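Fold and contact review
Chain residues, written in single-letter form:
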Number of protein chains: 2
Amino acid sequence: MNIYNICVLKILFFLSLSQANVIKQESDTCQQILGDELIREISSYGNVRDEIFRYVLEGEFKGKTYDELAKFVDKFGARPSGTEVLENSIDYMIELTRAEDINDIVTEELEVPHWTRGEERVTMLQPRVKNLSVLGLGRSVSTPPEGITAEVVIVTDFAELENSREEDIKGKIVIFDPVYTTYGETSVYRSQSATRASAKGAVASLVRSIAPFSIDSPHTGSQSYGQNVTQIPTAAITLEDADLIRRIINRGEKVILKIEMSSSYDTKISRNTIVDLKGRENPDSLVIVSGHIDSWDVGQGAMDDGGGLFVSWAAPVILKRLNLQPRRTVRSIFWTAEEFGLIGAYAYEEKHRDENHNINFIMESDEGTFAPLGLAVAGNQEARCIIAEILKLFESINATTLVEDDSPGSDIAVITRTGIPGASLHNDNERYFWFHHTAGDTMNVEDERELDLGSAFWTTVAYIIADISVDIPR
Amino acid sequence: MNIYNICVLKILFFLSLSQANVIKQESDTCQQILGDELIREISSYGNVRDEIFRYVLEGEFKGKTYDELAKFVDKFGARPSGTEVLENSIDYMIELTRAEDINDIVTEELEVPHWTRGEERVTMLQPRVKNLSVLGLGRSVSTPPEGITAEVVIVTDFAELENSREEDIKGKIVIFDPVYTTYGETSVYRSQSATRASAKGAVASLVRSIAPFSIDSPHTGSQSYGQNVTQIPTAAITLEDADLIRRIINRGEKVILKIEMSSSYDTKISRNTIVDLKGRENPDSLVIVSGHIDSWDVGQGAMDDGGGLFVSWAAPVILKRLNLQPRRTVRSIFWTAEEFGLIGAYAYEEKHRDENHNINFIMESDEGTFAPLGLAVAGNQEARCIIAEILKLFESINATTLVEDDSPGSDIAVITRTGIPGASLHNDNERYFWFHHTAGDTMNVEDERELDLGSAFWTTVAYIIADISVDIPR
Ligand SMILES: [Zn+2]
Ligand SMILES: [Zn+2]
């Protein structure tokens, strides 16, 4: 062991001492809430944990999550909402699951957006000619065939737009150039840009890609038009081009862009896929794991959300293979049409609203499947105490962190906001938004070992919640 | 100060102890070689160093390198060899220099390659349809208008190609998929791919981009055809697509690509630009600083080599502004047509071969202008001892490292290999090859403070070498 390692250990030790105090207090409260018996019961699942981890990390399942994910995304590539390729990929997942002798599979049809990107070209004409790398945003309308040529106004935020005089915006192309803070905070500039700009009379809106890093990488994403505005074309530009145009305008020069975009938009029928590993005692009670199967039309959708799809596929498969049948049902859902606004999740919630009391706990992985760190949990204090106690079983892989989050995940927010407890996979996803919604969302972002850890963790957590003697309280 | 900082200091302290031994020994030898008087003389330049650093980091020049570089690359964008825009950018640099009342400027004409990228499209047809992000390599010929459609053979290295049977390569598209180690080692797969593949009967060659990281980023670069082979089209593909095709082929599936590429190739006249700040005692003796003004045709060429161009432009400008006229002449050279094979440097070396004895020392920055760390130096031991002694003056900015390198830089290798001592800027360029020869080579890679440090360091080093009482020995 070298000096650096010793030091890192020392740092970790000191960090753990200071963190330990906070955890200790929480622990004391949780201990009172849960009682010794439940705590003992939860810790008794160490054996099951070991069995699952051995099987996934060293046994027959080693590397399987990565391999199956790679085969899947290599075969289908991008799987946008409303396309035949998405429906074929759903059929493939059903076959893959049936091949594991899991046959409680149903699909539920729903109407989904089908927006198709056509040719897209944005050219700076003044002060010099330059092509911009762009990606139109979901649901964007086309430009006229001759394109839209106009001067650019660049604003940092909505306030700056609102404070502009109508005549300074009218007939212009607005570029939204927000400072990236978090995705949650900044992505509103993508989803509302066209509506906001149009309301002030702009003829098109461009948005600085919602990302902290770029190699000339445009990031697409969804947007929707408000009710009472003219629908204007809208696209994402790169961080580099946003900064370039900002510098040129700051020097007092005029920027003129020509935007040519085409697309088509209608609706199609797609399906949510529901895979059940029936519970041995209380099959009506559900512990749901989930990810979305649709992706954007660029890249492979390996990260968003191929990884989440496959760790959620793996959970019932691993339990079935190990002959581990918990008390409650473990349900795996492959959501459709997440990218256009949680369309699959809304349909599921509506369809199953009467049986919502059956959902004991709902989990989702849609923020990357890098090394697992724990869970982001919505629920009351008792629910969180139970989950925190379960997470203690993952100390050896450093996945014990419980993040309190009242709206974790994306699709499951539709369910948890009705008061049902749930969690999203908390993972080491620092670079997630470097690749998110770009052509770089491919298997190159994924790591075999981290996917194994994800599958093992996800499966074990789902099993324990589905098997313990108590329901997760609301 | 927190525990982490203390620990880092401790690590640095231990590292410095062990390094100190090596440096101590070198120091002892250098001390004998240089003698106390020269060492004292060199250390007396601390005042000049302080004056230059104050002026560049806190004074009137603060931020100027970044601002002037930004204005330049924003105005011209990419500046490929043989284009009008490159010639205009050369005129601009001459004007910018004259505006500093520096008028010893000459340009020297030479013939340069003029390769123009046309439409480029590579589509996977089997096992499914997918567009690949590609960039044709410099000098690549076009495909026939209908494109080239053929099966893919993928090889890791030249040995694997050589060991293949002729009938397995003939008529195929070869993909070179080398493991990236260093640029120097790996880039041979770009420069020689077409020739090697063609010699075995391939109809086109594609190369995994020479880079350690990618967001679906193809990297262009130069290649040249060997004498006795059919010239076949050649392009760079992304790391992601190389890995995708590798996985598909490993699964026993056949990959068929369609390549459509067009380009034109002729020669034009361009110019090396030579700016002299004449020495006060020995104006014939030259200390050269340099960078290349041409770039690839993608991105802005801000990093490769706008930064090197501008720190080399800054050296005579800063000295002139501070009225610091060294004994010898400080010559700044803006090389042309580096990217197509050091064309400008070869022309300069040939033209000035008879006066090569006048070059006292030659410097180049073409590997990024991130935080300066020191110099990579070619020369005999005495020469290196002098440079090492000069570098001791940059302890406060951690730029004291002397890397022994018998062929530092790119353009200046043409000169140093004739026995002339020289150096390349050693800088904190860990991510250099993430952006190199991509559309992401823009101002976003550059940092104002680091460019200031670069200009101050570069100028001070050049001044001291140009002013000390001894020549740099050969
Ligand atoms: Zn997603
Ligand atoms: Zn270069």
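Residues numbered from 1 in each chain as written. Chains lettered and ligands numbered in written order. Predicted model: local features only at pLDDT ≥ 70, side-chain atom pairs only at ≥ 80, totals over all residues. Heavy atoms only, no water.

1. Digging into the overall build of chain A
Tallying secondary structure elements over chain A gives 16 helices and 14 strands in all. The globule rule puts the C-alpha radius of gyration for 474 residues at 23 Å, and the 24 Å found for chain A is close to it. Projected onto the principal axes, the alpha-carbon positions of chain A cover approximately 70 × 55 × 40 Å. Residues classed as buried in chain A amount to 61% of the 474 residues present. Nonlocal contacts in chain A, meaning residues at least 24 apart in sequence, comprise 84% of its contacts between residues at least 6 apart. Here chain A has roughly 18,700 Å² of accessible surface; of this, 46% comes from carbon and sulfur atoms. Separation of charge centres in chain A, based on 45 positive and 74 negative side chains, amounts to 3 Å. (Helix = DSSP H or I, 4+ residues; strand = E, 2+ residues; numbered from the N terminus. Rg over C-alpha atoms; globule rule 2.2 N^0.38 Å. Buried < 20%, exposed > 50% of the residue type's maximum accessible area, 1.4 Å probe, protein only. Contact = heavy atoms within 4.5 Å. Areas by Shrake-Rupley, 256 points an atom, 1.4 Å probe, with all protein chains shown as cover. Lys, Arg positive; Asp, Glu negative; His and termini not counted. Charge placed at Lys NZ, Arg CZ, Asp CG, Glu CD.)

2. Thoughts on the domain arrangement of chain A
All names here are of chain A. One can read the domain layout of chain A as domain 1 (3-104 + 278-467) and domain 2 (117-264). Each of domain 1 and domain 2 has a C-alpha centre, and the two are 36 Å apart. Every contact between the two is made by 12 residues of domain 1 and, on the other side, 16 residues of domain 2. Carbon and sulfur atoms supply 64% of the area buried between domain 1 and domain 2, which totals about 1,100 Å² over both sides. Sorting the residues of domain 1 by area buried against domain 2 places Phe 340, Phe 433 and Trp 434 first, and these three jointly supply 47% of that buried surface. When the shortest N-O distance is used, the salt bridge between Arg 117 and Asp 297 registers 2.7 Å. Broken down by element, the residue count for the side of domain 1 that touches domain 2 peaks at three residues, all from helix H15 (residues 432-435). Residue composition of the side of domain 1 that touches domain 2, by class: seven nonpolar, three polar and two charged. (Domains from an automatic or database assignment. Buried area = accessible area lost by both parts, 1.4 Å probe. Salt bridge = Lys/Arg side-chain N within 4 Å of Asp/Glu carboxyl O. Nonpolar A, V, L, I, M, F, W, Y, C, P; charged D, E, K, R; others polar.)

3. A short note on the relation of the copies chain B and chain A
Mapping chain B onto chain A calls for a rotation angle of 180° and an axial translation of 0.0 Å; the resulting RMSD is 0.0 Å. Both chain copies can therefore be described as sitting about a two-fold axis. A share of 100% of the interface residues of chain B reappears at the interface of chain A, consistent with the copies meeting face to face through the same patch. (Least-squares fit on C-alpha atoms with pLDDT ≥ 70 in both.)

4. Let's talk about the UniProt feature "domain: Peptidase M28" (unreviewed entry) in chain A
Following the UniProt record, one finds the feature "domain: Peptidase M28" (unreviewed entry) at residues 272-451 of chain A. Secondary structure over residues 272-451 of chain A splits into 29% helix and 27% strand, and the C-alpha atoms at its two ends are 23 Å apart. (UniProt positions renumbered as here; feature names shortened; annotations may be inferred.)

5. A few points about the interface of chain B and chain A
Of the residues lining the interface, 35 residues belong to chain B; the matching set on chain A comes to 35 residues. For the pair chain B and chain A, the summed buried area comes to about 2,900 Å², and 62% of that belongs to carbon and sulfur atoms. Of all residues in chain B, Asp74(B), Arg128(B) and Ile215(B) give up the largest surface area on contact with chain A, accounting jointly for 21% of the area buried on that side. Remark: the boundary between chain B and chain A carries four salt bridges. Taking the shortest distance from any N to any O, the salt bridge between Arg251(B) and Asp74(A) comes out at 2.9 Å. The tally of links between chain B and chain A comes to 10 residue pairs in polar contact (both at pLDDT 80 or more). (Polar contact = N/O pair within 3.5 Å; in protein donor to acceptor, adjacent residues only side chain to side chain.)

6. Examining unusual backbone geometry
In this model, Asp304(A) is joined to Asp305(A) through a cis peptide bond whose omega is 10°. The topology assignment puts Asp305(A) in helix H11 (residues 302-321). Even without a glycine there, the phi angle at His437(A) is positive, about 65°. Note on placement: His437(A) falls in the loop between H15 and helix H16 (448-467). Although it is not a glycine, Asn323(B) adopts a positive phi angle of roughly 60°. As for its position among the elements, Asn323(B) is in the loop between helix H11 (302-321) and strand S10 (328-335). Owing to a relative accessible area of 71%, Asn323(B) belongs among the exposed residues under this scheme.

7. With respect to the coordination of the zinc ion (ligand 2)
Residue and element names in this part refer to chain B. Protein coordination at the zinc ion (ligand 2): the donors are His 292 (NE2), Asp 304 (OD), Asp 366 (OD) and Asp 366 (OD), at 1.8 to 2.7 Å from the metal. For the zinc ion (ligand 2), the four donor atoms in the first shell make angles of 51 to 145° at the metal, a pattern classed as irregular. Of note, the zinc ion (ligand 2) draws all its donor residues from one chain, in the sequence arrangement H-x11-D-x61-D. Of this pair, Asp 304 sits in helix H11 while Asp 366 sits in the loop between strand S11 (359-364) and strand S12 (372-378), and the two are 62 residues apart along the sequence. A residue is classified by how much of its surface remains accessible, and Asp 304, at 3% relative accessible area, is buried. (Donors = N, O, S within 2.8 Å, 3.2 Å for Na, K, Ca; no water. Tetrahedral: all angles 85-135°; square planar, octahedral: opposite > 155°, others 65-115°.)

8. A look at the UniProt feature "domain: PA" (unreviewed entry) in chain A
As annotated by UniProt and renumbered to match this structure, "domain: PA" (unreviewed entry) occupies residues 149-244 of chain A. The annotated region residues 149-244 of chain A carries 32% helix and 21% strand content, and the separation between its end C-alpha atoms amounts to 19 Å.

9. Brief notes about the packing of aromatic side chains
Each aromatic ring pair is described using two quantities: the centre-to-centre distance and the angle formed by the ring planes. Residues and elements named next belong to chain B. All chains considered together, the criterion is met by 40 aromatic pairs over all chains. Ring geometry for Phe 72 versus Phe 310: centroids 5.3 Å apart, planes at 55°, classification tilted. Of this pair, Phe 72 sits in helix H3 (residues 64-76) while Phe 310 is found in helix H11, placing the two residues 238 residues apart along the sequence. The same class applies to Phe 72 and to Phe 310, which are both buried. For the ring pair Tyr 183 and Phe 433, a centre distance of 4.5 Å and an interplane angle of 15° mean the geometry is stacked. (Phe/Tyr/Trp six-rings, centres within 6.5 Å; stacked < 30°, edge-to-face > 60°.)

10. Comments concerning the pairing of strand S1 (residues 105-126) of chain A
All names here are of chain A. Of the strand pairs in this sheet, S1 and strand S8 (residues 256-277) are connected by 19 bridges, and their pairing is antiparallel. Note on S8: the bridge partner recorded for Pro 113 is Thr 267. Remark: three residues form the turn of the hairpin made by S1 and strand S2 (residues 130-132), two consecutive strands paired antiparallel. (Pairing = 2+ DSSP bridges.)

11. Let's talk about the coordination of the zinc ion (ligand 1)
Residues and elements named next belong to chain A. Looking at the zinc ion (ligand 1), the protein donor atoms are His 292 (NE2), Asp 304 (OD), Asp 366 (OD) and Asp 366 (OD), and they sit 1.8 to 2.7 Å from it. What the four donor atoms of the zinc ion (ligand 1) show is an angle range of 51 to 144° at the metal, which sorts the shape as irregular. Each donor residue of the zinc ion (ligand 1) lies on the same chain, and together they follow the pattern H-x11-D-x61-D. Using a relative accessible area of 9% as the deciding quantity, one classes Asp 366 as buried.

12. Observations concerning the state of the cysteines
Residues and elements named next belong to chain A. Taken as a whole and judged by the stated rule, the model has two disulfides over all chains. Disulfide pairing is shown between Cys 30 and Cys 385; the S-S distance is 2.0 Å. Here Cys 30 and Cys 385 share a disulfide; its torsion about the S-S bond, -80°, makes the bridge left-handed. Here Cys 30 is found in helix H1 (residues 3-43), whereas its partner Cys 385 is found in helix H13 (residues 381-391), with 355 residues between them in sequence. The two residues Cys 30 and Cys 385 agree in class, both being buried. (Disulfide = S-S within 2.5 Å.)

13. As for the pattern of salt bridges
Residue and element names in this part refer to chain B. All chains considered together, the criterion is met by 58 salt bridges over all chains. Put simply, Asp 471 and Arg 328 hold a salt bridge, and the shortest N to O gap is 2.9 Å. Of the two residues, Asp 471 is situated in the segment after helix H16 (448-467) and Arg 328 in strand S10; the sequence distance between them amounts to 143 residues. Under the relative-accessibility criterion, Asp 471 is labelled partly exposed at 46%. A relative accessible area of 4% means that Arg 328 is categorised as buried. Residue Arg 384 is joined to Glu 404 by a salt bridge in which the shortest nitrogen-to-oxygen separation is 3.4 Å. Of this pair, Arg 384 sits in helix H13 (residues 381-391) while Glu 404 sits in strand S13 (residues 401-404), placing them 20 residues apart in sequence.

14. A word on helix H12 (residues 343-351) of chain B
Within H12(B), the full set of buried residues consists of Ile343(B), Gly344(B), Ala345(B), Tyr348(B) and Glu349(B). Buried residues along H12(B) sit against strand S1 (105-126), strand S8 (256-277), strand S9 (282-292), S10 and helix H14 (413-416) of chain B.

15. Observations regarding H11(B)
All names here are of chain B. With 20 residues, H11 ought to run about 28 Å at 1.5 Å a step, yet its terminal C-alpha atoms sit only 25 Å apart, falling short of that. Of all the bends in H11, the greatest, near 25°, is centred on Ala 315, and the proline Pro 316 appears no more than four residues after it. Summarising burial for H11: 18 of the 20 residues are buried, a large majority. Asn 323 sits one or two positions beyond H11 and adopts a positive phi of about 60°. (Expected span 1.5 Å × (residues − 1). Bend = angle between axes of the 7 residues up to and from the residue.)

16. A closer look at the side chain of Ser285(A)
Relative to the elements of secondary structure, Ser285(A) occurs in strand S9 (residues 282-292). Here Ser285(A) is in contact with Arg328(A), Thr329(A), Asn358(A), Asn360(A) and Asp471(A), once residues within four sequence places are set aside.

17. A word on the packing of H11(B) against H16(B)
Residue and element names in this part refer to chain B. Contact geometry for H11 and H16: axes closest at 8 Å, N-to-C directions at 55°. Put simply, H11 runs oblique to H16. For the pair H11 and H16, the crossing hand works out as right-handed. Counted together, Gly 307, Val 311, Ser 312, Ala 314, Ala 315, Ile 318 and Leu 319 of H11 and Leu 451, Gly 454, Ser 455, Trp 458, Thr 459 and Tyr 463 of H16 form the full contact between these two elements. The residue inventory of the contact of H11 with H16, partitioned by class, reads eight nonpolar, five polar and no charged. (Axes fitted to C-alpha atoms, helices over the stretch in contact; angles between N-to-C directions. Parallel < 35°, antiparallel > 145°, perpendicular 65-115°, else oblique. Left-handed = near helix turned anticlockwise from the far one by under 90°.)

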